[in-house]
Amino acid sequence: MKIASIASGMVFLLTACSYQTGGVVSAETSAPTDREMLQPARVIELNVPQTLEGDGLGPSLHAFDISDNGRYLLSILGTRLAQGESYSFVNWLELHDLSTGELIHRDIPAGKSGETINAGGFLGSGKYFVESAGPESQRPSDIAASHVQVFSVEAQKELAHLSISGITHGRGQYLFASASRSVVNWKTQESYPTQFYPRFGINLMTDEGAVLSISVDGSIALHHAVLNELLQWESGLEAPRPLLTADGGYLVAQGDNFRCKVWKLPSIEEVGQCPRPFGSEGRKRATSMHPEKPVFALAWDEKVRLYNLDPFEMVQEIVIPDPVLGLFLTENRLVIASRQGLQVWNTEEAISLAEAEVPIHHRDSVRVSQTGVVAVVLDQDPDDPESTVRPVWIYELP
């Protein structure tokens, strides 16, 4: 087990190795590690297009997504338009190439048909979806006028056009439509009825079309809509936040009642628990699952713990000065977001590699690709608070 802490800007590693020779436990403390100070590789500026006469304020951000390969950034932005003494709302979609910082596509539906964009996101690396709705005066009460389009990023070619609404999740070739309570294959346009707890909607969706949801009392439901296979059980946790491994073999859930549990699927066998660290009040929580390996991380306030699932064991603990806002596991890195900025750790050697001073106010300000590209959207330009531009700082992990 490896334990690391940060105090007063210094990083210390404590490595505890347990072995069977006489039951001896040895420990050694390394010297402080020099960390690289990360600077943004690029800065993308989000602003109201000149074709729109906004209210003089910067754009509001409604959706923010990074492709799995870290190549593209998708943003859905909005502003108010002055109409006499009143205002109307308009939004638009932008795609940026993160390797160059260039804007490669912008879609302002209000300029064409009076539509608004309800949702959007990547379906992996090279495709994305957009849900749009017609003008309110033309919409029936059930918002059936909404429709979804799927595009390829590079060619900007429409791959599918579906008359569905309420898209909250999309992965691979599947979309989850809350309005029809179904999973839709956008390639074949086949629809599969889905069972889920409706109070909070679904928590995540897999590439195979399975949806995961929780109930008010902490019950968990995992429904593979395409195969019509349902797993359902009581977690014993308060407001659990569930995660699945990439192969669907394990489910991890962190609860408000200072506990975390792990189940093996599909047997729903509980294989372990990870209690709240001593001294932590659990005001802030965060979790992350590795995109490929059976490894996950969770945080309680300032303490981060890294676990293996096969076999189940805690392998590393990291303590930082400020409560954790977000955790992001990539191929061999752990990115920790707090109000003080970003910290980057090598998860295989328990070494702090780098940090970045960037103002972060909430987890939704940060996106990290599976390949280790980090995008942080700021509320305002720290060097020019009067500017209406919303900068996005792009980092490349060491």
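Now for a description of the structure that goes with this document. (Residues numbered from 1 in each chain as written. Predicted model: local features only at pLDDT ≥ 70, side-chain atom pairs only at ≥ 80, totals over all residues. Heavy atoms only, no water.)

Once that is clear, we can look at the overall build of the chain. The helix and strand tally for the chain stands at 0 helices and 36 strands. Counting all 398 residues of the chain, 51% fall into the buried class. In the form shown here, the chain has an accessible surface area of approximately 18,600 Å², with 47% of it arising from carbon and sulfur atoms. (Helix = DSSP H or I, 4+ residues; strand = E, 2+ residues; numbered from the N terminus. Buried < 20%, exposed > 50% of the residue type's maximum accessible area, 1.4 Å probe, protein only. Areas by Shrake-Rupley, 256 points an atom, 1.4 Å probe, with all protein chains shown as cover.)

Along the chain, Ser182 turns up in strand E16 (residues 182–185). Classification of Ser182 by relative accessible area gives buried; the value is 3%. Taking the C-alpha atoms as reference, Ser182 lies 4.4 Å from Pro193; in sequence the two are 11 residues apart. Beyond its immediate stretch of four places on either side in the chain, Ser182 contacts Leu175, Phe176, Ala177, Ser191, Tyr192, Pro193 and Thr194. There is a polar contact of 2.7 Å between the side chain of Ser182 and the side chain of Ser180. At 3.3 Å, the side chain of Ser182 and the side chain of Ser191 are in polar contact. (Contact = heavy atoms within 4.5 Å. Polar contact = N/O pair within 3.5 Å; in protein donor to acceptor, adjacent residues only side chain to side chain.)

Here we take up the sheet that holds strand E10 (residues 116–122). Ordered in space as E10-E11-E12-E13, the 4 strands form an open sheet in which the pairing is antiparallel. Looking at the sheet topology across the chains shown, the edges are occupied by E10 and strand E13 (158–162). Averaged over all adjacent pairs, the angle separating strand axes in this sheet is 15°, with direction ignored. When strand E12 (residues 147–152) meets E13, the two strands line up antiparallel, connected through 4 bridges. (Pairing = 2+ DSSP bridges. Axes fitted to C-alpha atoms, helices over the stretch in contact; angles between N-to-C directions.)

A word on the packing of aromatic side chains. According to the stated counting rule, one finds 5 aromatic pairs in the structure shown. In this structure an aromatic cluster arises from ring pairing among Phe296, Tyr307 and Phe312. Directly above the ring of Phe196 sits Arg181, whose terminal nitrogen or CZ lies 4.5 Å from the centroid. (Phe/Tyr/Trp six-rings, centres within 6.5 Å; stacked < 30°, edge-to-face > 60°. Lys NZ or Arg CZ within 6 Å of the ring centre and 35° of its normal.)

Here we take up the environment of Ala221. By secondary structure assignment, the location of Ala221 is in strand E20 (residues 219–224). Under the relative-accessibility criterion, Ala221 is labelled buried at 3%. Taking the C-alpha atoms as reference points, Ala221 and Gln232, 11 residues apart in sequence, are found 4.4 Å from one another. Setting aside residues up to four positions removed in sequence, Ala221 forms contacts with Tyr197, Val211, Leu212, Ser213, Leu230, Leu231 and Gln232.

As summarised here, the arrangement of the 4 strands in space is E14-E15-E16-E17, forming an open sheet in which the pairing is antiparallel. This sheet does not close on itself; its edge strands, each paired only once, are strand E14 (167–171) and strand E17 (190–193). In this sheet, neighbouring strand axes are inclined to one another by 25° on average, regardless of whether the strands run parallel or antiparallel.

Attention now goes to the environment of Gln343. Among the structural elements, Gln343 can be located in strand E32 (residues 341–346). On a C-alpha basis, the gap between Gln343 and Glu357 in space is 9.0 Å, while along the polypeptide they are 14 residues apart. Side chain to side chain, Gln343 and Trp345 meet in a polar contact 3.4 Å long.

A complete count under the given rule lists 8 salt bridges for this structure. As a salt-bridge pair, Arg42 and Glu396 come within 2.5 Å of each other at their nearest N and O atoms. Pair noted here: Arg42 is in strand E5 (residues 42–46) and Glu396 is in strand E36 (residues 390–396), with a separation of 354 residues, a long-range link. Residue classification places Glu396 among the partly exposed positions, given a relative accessible area of 46%. (Salt bridge = Lys/Arg side-chain N within 4 Å of Asp/Glu carboxyl O.)

What follows covers the nonpolar core. Leu342, Val358, Ile360, Val366, Val374, Val376 and Tyr395 are the most contacted members of the largest nonpolar core, which has 19 residues in total. Taken together, the elements giving at least two residues each to this core come down to strand E30 (324–329), strand E31 (333–338), E32, strand E33 (351–356), strand E34 (366–368), strand E35 (373–377) and E36. (Core = buried A, V, L, I, M, F, W, Y, C linked by side-chain atoms within 4.5 Å.)

This part is about the pairing of E10. Counting buried positions along E10 gives 6 out of 7 residues, so the element sits mostly inside the fold. As paired strands, E10 and strand E11 (residues 127–133) are joined by 6 bridges and run antiparallel to one another. Along E11, the bridge assignment pairs Ile117 with Ser132. Linking two consecutive strands that pair antiparallel, namely E10 and E11, is a turn of 4 residues; a positive phi of about 105° is found at Gly124 within it.

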